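# Commentary on secondary and tertiary structure
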Amino acid sequence: MSEEVVAKVLSGTELSKETKSNLKKQTAALAEHFNGFKAHLVIVQVGGRDDSNVYIRQKIKSAAEVGVEASHVQFPKTITQNELLSEINKYNSDSSVHGIIVQMPLDCIENIDSHLITNAVSPEKDVDGLNIVNEGRVAIGDLTGLIPCTPNGVIQLIKRSGIEISGTRAVVLGRSKIVGAPVASLLLWHNATVTICHSKTKDIENEVSKADILVVAIGKPEFVHGSWIKPGAVVIDCGINSLPDSSKKSGYRLVGDVHYASTSLRASAITPVPGGVGPMTVAMLLSNTVQAATKVANTIYKTQWNLDILPLKLQRPVPSDIEIARSQEPKNIMVLAKEIGLNESEVILYGNKKAKICISTLDRLKNIKNGKYIVVTGITPTSFGEGKSTTTVGLVQALAAHSKKNTIACLRQPSQGPTFGIKGGAAGGGYSQVIPMEDFNLHLTGDIHAVTAANNLMAAQIDARMFHEATQKDQALYDRLVPTVNGVRKFSPIQLNRLKRLGIDKTDPSTLTAEEITSFSRLNIDPDTISWNRVMDTNDRFLRKITIGQSPTEKNHTRQTCFDISVASEIMAILALAKDASDLKERLSRIVVAQDKNMGNLTSKDVTADDLGMTGAMAVLLKDAINPTLMQTLEGTPVLVHAGPFANIAHGASSIVADLLASKLVGPDGFVVTEAGFGSDIGMEKFFNIKTRYSSLLPSTIVLVCTVRALRMHGGGAINPKVSVTPVEKEEALIKGVANLQKHISNSVKFGVPVVVAINAMKADTENEWKIVRDASLQAGAMDAVVSTHWENGGSGAIKLAETVIKASQQPQQFKFLYDLNMPLQLKIETIAKEMYGAQSVEFNENVLNKLNTYESKGYGKLPVCVAKTALSLSGDPNLKGVPTNFTLPIVDVYVSAGAGFIVIIAGEISKMPGLSTRPSIYDIDLNTETGEIIGLF
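I will try to describe carefully the structure that is included in this document. Numbers given to residues run from 1 along each chain, matching the order in which its sequence is written. Only residues with pLDDT of at least 70 are given local features in this predicted model, and only at 80 or more are side-chain atom pairs given and counted; all residues enter the totals for whole chains, interfaces and linings. The side-chain numbers reported here are obtained from all heavy atoms of the structure, hydrogens and water having been left aside.

### A closer look at the packing of aromatic side chains
The rule is short: rings of Phe, Tyr and Trp, with Trp giving its six-membered ring, pair when the centres are within 6.5 Å, and they are stacked under 30 degrees, edge-to-face over 60, tilted in between. Per the stated rule, a full pass over the model turns up 12 aromatic pairs. Taken together, a centroid distance of 5.9 Å and an interplanar angle of 40° make the contact between Tyr373 and Phe687 tilted. You can see Tyr373 sitting in strand β14 (residues 372–378) and its partner Phe687 sitting in helix α25 (residues 680–695), a full 314 residues away along the chain. As far as the burial class goes, Tyr373 and Phe687 line up, both buried. Arranged with centres 5.7 Å apart and planes meeting at 90°, the rings of Phe687 and Phe688 form a pair that is edge-to-face. The two residues Phe687 and Phe688 agree in class, both being buried. Feature note: the residues Tyr373, Phe687, Phe688, Phe751, Phe815 and Phe817 constitute an aromatic cluster, connected by ring pairs. For a ring to carry a charge above it, either NZ of a lysine or CZ of an arginine must fall within 6 Å of the ring centroid while also lying within 35 degrees of the normal to the ring plane. Seen from the ring of Tyr694, Arg587 lies directly overhead, with NZ or CZ sitting 4.5 Å from the centre. Numbering of helices and strands starts at the N terminus; helices are DSSP runs of H or I of at least 4 residues and strands are runs of E of at least 2. Exposed residues in this analysis have more than 50% of their type's maximum accessible area, buried residues have under 20%, and partly exposed residues fall in between, with area computed by a 1.4 Å probe over protein chains only.

Written out as structure tokens, the structure is:
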């Protein structure tokens, strides 16, 4: 019988078409299941070799055919190794890129190590499969990663032949890193018995003749002859070589490493050259890209985190907050970051217990639906506080650690002023805390300091600009504002912005008229209208009124001003309300710091941060502060800490950026729990009417925190533990005091959001007192009122509260704002005062009415309003407890926070700079120099 057989042609062209057809279905499914998600391949090229250009065009065309976005990035021949490594790292860090290939060979002038370059590509994005990590995985039999393209194509072609690889004898000619060695490994892990032959192998013909499967990749034209082949063997020819051929128009013909004509007479299947392995290499490249993208998509859209929960070691009696915090060792913050779906490149470490999260993460997560949004507010508080932060932390511990819901708490960064004053820390308390609490309460990641620096740079520029305008003539002032540098005189971009606002359509400094020079150079700030103060993050009553400019060098240009506490700065409010870096910069530019001297105009003009040239400089100082800080609770659940605007002068809530990021990270079935400062009358009202308008995040549930102690106080009862009160007197006071709770429930219901009352339990409470509170809550329209012991028991003490919140969040959303932005400012103020506070009327003096009219004439009339009043009463009088009625709310002043985007309404005496008491917390705070531990924070 003849040994000759008719070899089956293993067409890589046909198989690649089928492969690409399947890949197209996969990319379509990705887009459908993951809200338009698209795989993205980046092809990096150095130089411009013609053959490389051909291959790249082929890859881009094939990528488009299967629905993969392919970007071609070409660098000049002169690029250095370090520069190329840096560029590759950028794509490693770019979450929108799923696959990276570096086209070889590198067409460069500098000596660049190609192995170093291929190994620089992240293993997760190395769709060529050439990174040493991916090669190593193949070598040890881990075939779940990205397999080198040509070897993977070889295996697919072998499978196409119909031969069962397992149990066969396979021979691989060639041991290159790119083809031979990985092919041998793949065959081995498909259970073939593998022999590798190379240039030092003796009697190659004899070894080849034993092969059931022969793979040839040696780069020698027609090296293997048909007479060597075992009859019926499968032959895969990876070579491509050119031989002179005068019969061809090109003058050459392409051949493989195998003599095709003779081999095809003995083999059962053989790959042609061209049209064999080559097309499959590109197909496998795209397959790896789709595989990498699918892995990313599944990570982004995964429905459930797998958090490593930190167990609590509950003690009785409950130790101090700092003792509890110190007894729990936090997880490494990078571990937590990965648990909640963050990439390493998105995490900026500040040690191993806190980290900044890059705002660019939102771009990667943009297609994910938002989670449920829970807002924690409270009743009118006592000076002791009623535990909103503690309840927030306890609730997220219950949701994340015990109910296994993806949950993130979003909290404000506390000011150091209160920390060293009376209030102490703000990390929660008991077994519901953010840790490390010392980091949380002190410098954290420096955001407040960045706000302070930006604020004070603006203040310095205001006074410096007034000084320079007062001491120079127009031309001299103009020449210094627009100097000639190295023979070139030009406006800076921010100066061009000012020219545009002035209606001067010129870009050449030499073409301005004298009148235009004056208009451009002089802001003519009216010092009596300056609303921008210096700030510091310390309680200092002696800075409430100061005189500046007393040095002889300031030539008697003095004025009275003051310091505010840093968190009262409009920049802090802007940081909290900005949705991204561009929004932050735009808001900074709109800050109004003063009015001009009304030089013949009907009304004075606003002087803005952009007029002062400050926008870019402040943005630079805040470039890291825009990123939220990741921390954790005592039970190891995630917390985002970001921004800390004053809850009276500003809106008193953590940042929109943190809420947006958290909403994407938790996913549609998860929960974001955040806090509104003070009670529902102040914090919650501003949260909804200001923050929600700018964030577009609609709340699912309101958690209203109360304590029996505070409600007794509102009913006229004593809350000082030294005062003896009978149980009957306590209940009588409580029955009267629940009216305050009911008013806050009524306030909440007006926004159309389900209300859950959280009764923050204390040891002195009784079951009957809780019943009184619950009955009053249900009567007022709350969905439920739940006793929570999270301070004493951590998340386990808030499980019922969590279950109730989950149930409430499933109700249909019927959110509505309290007022329409098109209403006049005066009517907005009256609506808030009457609906939220219960005022009978609002009193406006003539100065206030004039200001409101002016703001409306300048286009600020459609801004929301931010009422600054006491938090200790529903009224403007801190001494009126319970539910005051028939009172008039006096409005003593108004001003615009144009950057933040609201009008501030001052109702009563409001200080923006707290003072230290006779005995502040300073006396209790110390540093153990031997251990480095901080003592006295609580």
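### Some points on helix α20 (residues 514–521)
Each turn of an α-helix holds 3.6 residues, which means side chains three or four residues apart point in the same direction. Along α20, the residues classified as buried are Glu516, Ile517, Phe520 and Ser521. An end-on view of α20 places all buried positions within 120° of arc, on one side of the element. For α20, the exposed residues lying more than 90 degrees away from the buried face are Ala514 and Glu515. Should any heavy atoms of two residues lie within 4.5 Å, those residues are counted as being in contact. On its buried face, α20 sits against α17 (447–471), α18 (474–481) and α19 (493–501). This arc corresponds to the set of directions leading from the helix axis out to the C-beta atoms.

### Regarding unusual backbone geometry
The general pattern is negative phi for most residues beyond glycine and trans for most peptide bonds. For the bond running from Val273 to Pro274, omega is 0°, close enough to zero to count as cis. With respect to the helices and strands, Pro274 occurs in the loop between β11 (269–270) and α10 (277–300). In this chain, Arg316 is followed by Pro317 through a cis amide linkage whose omega measures -5°. Locating Pro317 in the fold gives a position in the loop between α10 and α11 (321–327). With a phi close to 50°, Leu444 is a non-glycine residue in the positive phi region. Here Leu444 lies in the loop between α16 (437–441) and α17.

### A closer look at the packing of helix α2 (residues 50–66) against α10
For any two helices packed against each other, the geometry comes down to the angle between their axes and how far apart the axes lie. With axes taken as lines fitted to C-alpha atoms, and helix axes fitted only over the stretch in contact, angles between N-to-C directions fall between 0 and 180 degrees. Contact geometry for α2 and α10: axes closest at 10 Å, N-to-C directions at 55°. Put simply, α2 runs oblique to α10. Of the two elements, α2 crosses α10, and the hand of that crossing is right-handed. Of α10, the residues touching α2 (which contributes Gln58, Lys59, Ser62, Ala63 and Val66) are Val282, Leu285 and Leu286. In this classification, the charged set is Asp, Glu, Lys and Arg, the nonpolar set is Ala, Val, Leu, Ile, Met, Phe, Trp, Tyr, Cys and Pro, and all remaining amino acids, among them Gly, are polar. Of the residues contributing to the contact of α2 with α10, the split by class is five nonpolar, two polar and one charged. An angle below 35 degrees is treated as roughly parallel, one above 145 as roughly antiparallel, one from 65 to 115 as roughly perpendicular, and anything else as oblique. For any helix crossing, the convention is left-handed if the near helix is rotated counterclockwise from the far helix by under a right angle, and right-handed if that rotation is clockwise.

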